[in-house]
Amino acid sequence: MDSFQTLIFKLKKYWSDRGCILQEPYDVEVGAGTMCPETFLRVLGPDPYRVAYVQPSRRPADGRYGENPNRLYKHQQLQVILKPAPADVIDQYLGSLEAIGIDLSRHDIKFEEDNWESPTLGAWGIGWQVMLDGLEITQFTYFQQCGGIDLELIPAELTYGLERIAAFLQGKESIYEVEWAPGFSYADVRFADERQFSVYNFEMADIATLWQLFELNEREAQRLIDSFASYPEKSRFPVLPAYDHVLKCSHLFNLLDSRGAISVTERVGVIGRVRKLAVGTAQLWVAQRQAREAA
Amino acid sequence: MAAARTNLRFLLEIGSEEIPDWMIASALDHLKSAFERMLADLRLPGTVDWVDGTPRRLALLASGLAGRQADLEELVSGPPKAAGEGAALGFARKNGVTVDQLEIQPTPKGDYYAFRRRIAGRAASELLAAAAPDLILGIPWPKTMCWTGKGGPRFIRPIRWIVALLNGAVVDFEVAGVRSGDRTSGHRRFGRKTIRVSVAGYVEQLRKNHVLVRASERRARIEAGLAGVRVKPDPGLLDTLTYLTEWPTPVVGRFDEAYLDLPAEVLVTVMRHHQKYFSVEREDGSLAPGFVAVMNVPADPDGLVVSGNERVLRARFNDARFFWETDQKKPLRDRVEDLKHVTFQRNVGSYHLKMTATLALLDELGDVPAAARRAVELCKCDLTTEMVKEFTELQGVVGGLYARAQGEGEDVAAAIYEHYKPVSMEDSIPATEAGRFVALADKLHTLRACFAVGMAPTGSKDPLALRRAAQGAVRILVEGGLPVDFAKLSAGDAALDEFLRDRVRHYFRDVRGFAYDEVNAAMAAGLSNLPDLTRRLEAIRAVRPTADFEPLAASFKRIRNILEQARFEGCPVDPDLLQEDAERGLYRAMTSLRLAGLSYREALTQIATLRPAVDLFFDKVLVNAPEPRVRANRLALLDTLRREFSRIADFSEIVTS
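Just so you know, these numbers come straight off a predicted model, no measurement behind them. (Residues numbered from 1 in each chain as written. Chains lettered and ligands numbered in written order. Predicted model: local features only at pLDDT ≥ 70, side-chain atom pairs only at ≥ 80, totals over all residues.)

**A word on the interface of chain B and chain A**
So, point 1. Residue-level contacts link 34 residues of chain B with 35 residues of chain A.
So, point 2. Mapped by element, the contributors of at least two residues to the side of chain B that touches chain A are β7 (145–146), β17 (287–295) and α8 (304–328) of chain B.
So, point 3. Sorting elements by how many residues they give to the side of chain B that touches chain A places α8(B) first, with 10 residues.
So, point 4. The residue inventory of the side of chain B that touches chain A, partitioned by class, reads 15 nonpolar, eight polar and 11 charged. (Contact = placed C-beta atoms within 7 Å. Helix = DSSP H or I, 4+ residues; strand = E, 2+ residues; numbered from the N terminus. Nonpolar A, V, L, I, M, F, W, Y, C, P; charged D, E, K, R; others polar.)

Here's what the structure looks like:
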């Protein structure tokens, strides 16, 4: 029986053998691996790309103080981007399941319609949730649009829910019982994290401070976006730092939301503010790539 | 030239990545009709034997095709004969023939040169190859995608292979970079990846590779697996699973009896909507601790699939229990204020506002039970619960369950539970009186509020499901027998009034099966409330087949026309001015009719007895008498007749044969 980390090794090896760059997790808080620049920005433009990385994904509202066996504030996704998607992408994906010890002749796999959409990122795609014996283990998406821009090459995005897959493989009822490494359970490694962030996110995060942080990051991102047009040497313009501020805004929005500080009426407006920044950054990324081409 | 071959068979299979189950049947219907249209356009005989499919393939088999189109002969007209031989020579040369191949075509304008051009029919395989790409990409889908790159072809999911065979030969074409051929693909795990197929052997070759192409076979296989188990019948789920699988195999799982403490509604929702399981019942109809999952593989030899599904269900049920327990910490009555932060509709306001407005609306509906008021106060509070956030389809139901658990009283709980009913035409209206008032007030508020901010449905667009809300309100009023003043429902909004009237017409015609002229006749006679309208319609339907009814209706139409043409302004009848026996007879018959205290049906029967008197009147009396006072009096007689006896139905609206 593989530990959590062995499972990750095997998946990384599998995708590395199929031409993927192995990236490390992005060091800004994100709600999903899709938001990392390695996905959100790299899928734009005409350049093929293949990358795989584990991304700890923070969803403050999903926190349960470490008390619910199946829900986490922060879970780990293995994110794979194949741009453009090869014709045998599903076979490659199924091969990855075999590679982590799932004998598909003894299990039931179904692809059920699930079209992904992120209003905050101005992004959507077509795809499935992949069900293994009734358990959703992967989100499979052909991106169509990102940052409001139609994609030139259509990538496949595979997002593996690592905790679920590990609990399934190890036959554990609770994610916390999953063996992370020999002698260490998931709870040993992450329980304090889950509990403390739940306390902070739901009870102690200061709403006024979070709004201030949101506005500071929003202003900084917007300032950068606005200064691109007049910036002389486009190729050295800091698009990536601007995007970091967008990610900060997105995470602060999630925090405010879990704190109950955003009414449903306001929600749409705040999502719109983040989307404006995400769309702005995506456009800079494409413009910068074109400027490089022209130079 | 060799004789064209006939009676060929054509097989088309579009191999795709997994197509959403609910789209497959309608895509196949379209494929069939589009293919038939295509054959007609191509002047090829042939019929579609069947279309069928699985998530990974849409297939069509046609037979009786000809190997080539019939030849065509076309008459090409040239210059008039009078133009002389030079013109004929030019015409012939232009068309690549000699003058002796021309003929003379007589026309009304004189003789003309002409020749018959033969157009050889093209080979069917060539025609099919040219038309197939548009046929395939023309299948309409609710939402399509690109996969070959920006601006590329669009389909529901990527196309991965195409089989196109005319008898033994490949019909060669390309769609989205995929070349047609004679190779299909079997079940993802239990079939060969590449299988050479023939037209005749297609279904069987796939069966050997664990694909049942025919949906009826998959359905039968699921039904056979369910045979030994007492499952809750669920045709919708059966459809879903039929089109979600290529080789369906049901397996039976169990869960711990302890979960049966949770409401059956929650357990069934988890099983059906989230896991696509059939739930299992006991003899008495209550829920048993079991389920049936349908796999897309032939067997579960080690029981791994069952135990995996059982584990998932356990986790789901644990979540539900967690939500239930968390939610009880804050009862519904303490959540009323929270509704201020839940938006009902952006332009209208919060659910708290909706609640207070609905309470006020309740007062307009008459004598409303106290439980209805309490239920309106609480019925939206479940929107703030964890359970409804997770299982949105259970809103209302969860509120009702919580109200019961929190001691709100059975009538209040039941009214909350049912306040979204009826959710469809097939669904019943709320069972309790309080429930009917709550459901009605909730729907009326939604309609009034949305119409007030200009969100009435336009054309086929009805994102707020206002038609369903109005239809629900009409059904509650009729089927619940609530005599609420119809004019009050729309609170003075003329557009809403017409919208509701339209739903009333729709309901009585399309749901209750009244003839459209009966509905028009009853509504034209006034609309005080819907139970009254219902009784009048039933009376009309009962009396209509009697001998006197339709002739009398025809006379009423004649009366209406006479009055309209005369622009009659109205005055009372003066009995002394009645001159002829027939008009006096009609007057007597009218005035001696006693309708008070009669049922609508009895009253209509009585009115129908006027027919001989009316017929005699028209037979013997000239309405347009030369003497103005006599004429006016006759018009007054007819006017009185029409007004007095059109209160149940405006007979002039009845279409007589």
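**A word on the pairing of strand β2 (residues 47–54) of chain B**
All names here are of chain B.
So, point 1. The sheet contact formed by β2 and strand β3 (residues 57–65) spans seven bridges and is antiparallel. Bridging across to β3, Trp50 finds its partner in Leu61.
So, point 2. Linking β2 back to β3 in an antiparallel pair, the connection comprises two residues. (Pairing = 2+ DSSP bridges.)

**A word on the packing of helix α20 (residues 549–565) of chain B against helix α24 (residues 628–644) of chain B**
Residue and element names in this part refer to chain B.
So, point 1. Contact geometry for α20 and α24: axes closest at 10 Å, N-to-C directions at 130°. Accordingly, the angle class assigned to the pair α20 and α24 is oblique. Crossing handedness for the pair α20 and α24: left-handed. Contacts between α20 and α24 pair Phe556, Ile559, Arg560, Ile562 and Leu563 from the former with Leu635, Leu638, Asp639, Leu641 and Arg642 from the latter.
So, point 2. Class assignment for the residues of the contact of α20 with α24 results in seven nonpolar, no polar and three charged. (Axes fitted to C-alpha atoms, helices over the stretch in contact; angles between N-to-C directions. Parallel < 35°, antiparallel > 145°, perpendicular 65-115°, else oblique. Left-handed = near helix turned anticlockwise from the far one by under 90°.)

**Observations concerning α20(B)**
Residues and elements named next belong to chain B.
So, point 1. Between the first and last C-alpha of α20 there are 24 Å, a value that for 17 residues agrees with the 24 Å anticipated at 1.5 Å per step.
So, point 2. Of all the residues in α20, the buried ones are Phe549, Leu552, Ala553, Ser555, Phe556 and Ile559. Relative to the axis of α20, the buried residues are bounded by an arc of 160° and lie together on one face. Turned more than 90 degrees away from the buried face of α20, the exposed residues are Asn561, Glu564 and Gln565.
So, point 3. Packing partners of the buried residues in α20 comprise α19 (530–543), α22 (600–608), α23 (611–620) and α24.
So, point 4. Phi turns positive, to about 45°, at Arg567, one or two residues after α20. (Expected span 1.5 Å × (residues − 1). Buried ≥ 20, exposed ≤ 12 C-beta atoms within 10 Å, placed from the backbone. Arc of directions from axis to C-beta.)

**As for the domain arrangement of chain A**
Residues and elements named next belong to chain A.
So, point 1. Here chain A is described as being made up of domain 1 (4–200) and domain 2 (205–294).
So, point 2. For domain 1 and domain 2, the distance between their C-alpha centres works out to 24 Å.
So, point 3. At the junction of the two partners, domain 1 supplies 22 residues and domain 2 supplies 23 residues.
So, point 4. The residue makeup of the side of domain 1 that touches domain 2, split by class, is 13 nonpolar, six polar and three charged. (Domains from an automatic or database assignment.)

**Considerations on the domain arrangement of chain B**
So, point 1. Taken domain by domain, chain B holds domain 1 (8–68 + 123–208), domain 2 (72–119), domain 3 (215–328), domain 4 (333–513) and domain 5 (539–653).
So, point 2. Each of domain 1 of chain B and domain 2 of chain B was reduced to a C-alpha centroid, and the two centroids are 45 Å apart.

**Some points on the packing of helix α9 (residues 351–364) of chain B against helix α14 (residues 433–452) of chain B**
Residue and element names in this part refer to chain B.
So, point 1. Between α9 and α14, the shortest axis-to-axis distance is 9 Å and the interhelical angle comes to 115°. With respect to the hand of their crossing, α9 and α14 are arranged in right-handed fashion. In this structure, α9 contributes Lys354, Ala357, Thr358, Leu361 and Leu362 to the contact, and α14 contributes Phe437, Ala441, Asp442, Leu444 and His445.
So, point 2. A class-by-class count of the residues in the contact of α9 with α14 yields six nonpolar, two polar and two charged.

**Details of the sheet that holds strand β4 (residues 72–80) of chain B**
Residue and element names in this part refer to chain B.
So, point 1. With antiparallel pairing, the three strands of this open sheet are ordered in space as β4-β6-β5. The open sheet terminates on both sides in strands that have one partner only, identified here as β4 and β5 (103–107). Pairs of neighbouring strands in the sheet enclose a mean axial angle of 45°, with direction left out of account.
So, point 2. Two strands pair when backbone bridges link them, and β5 and strand β6 (residues 110–119) are joined in this way by five bridges, in the antiparallel orientation. Bridge pairing links Pro106 to Asp111 in β6.
So, point 3. This element, helix α2 (residues 85–94), spans β4 and β6 of the sheet and lies at about 145° to β4.

**Considerations on unusual backbone geometry**
So, point 1. Put simply, A:Lys83 and A:Pro84 share a cis peptide bond, and its omega is -5°.
So, point 2. The omega torsion of the bond from B:Lys421 to B:Pro422 falls at -10°, within 30 degrees of zero and hence cis.
So, point 3. The topology assignment puts B:Pro422 in the loop between α13 (410–417) and α14.
So, point 4. At B:Asn167, a position not held by glycine, the phi torsion is positive, near 50°.

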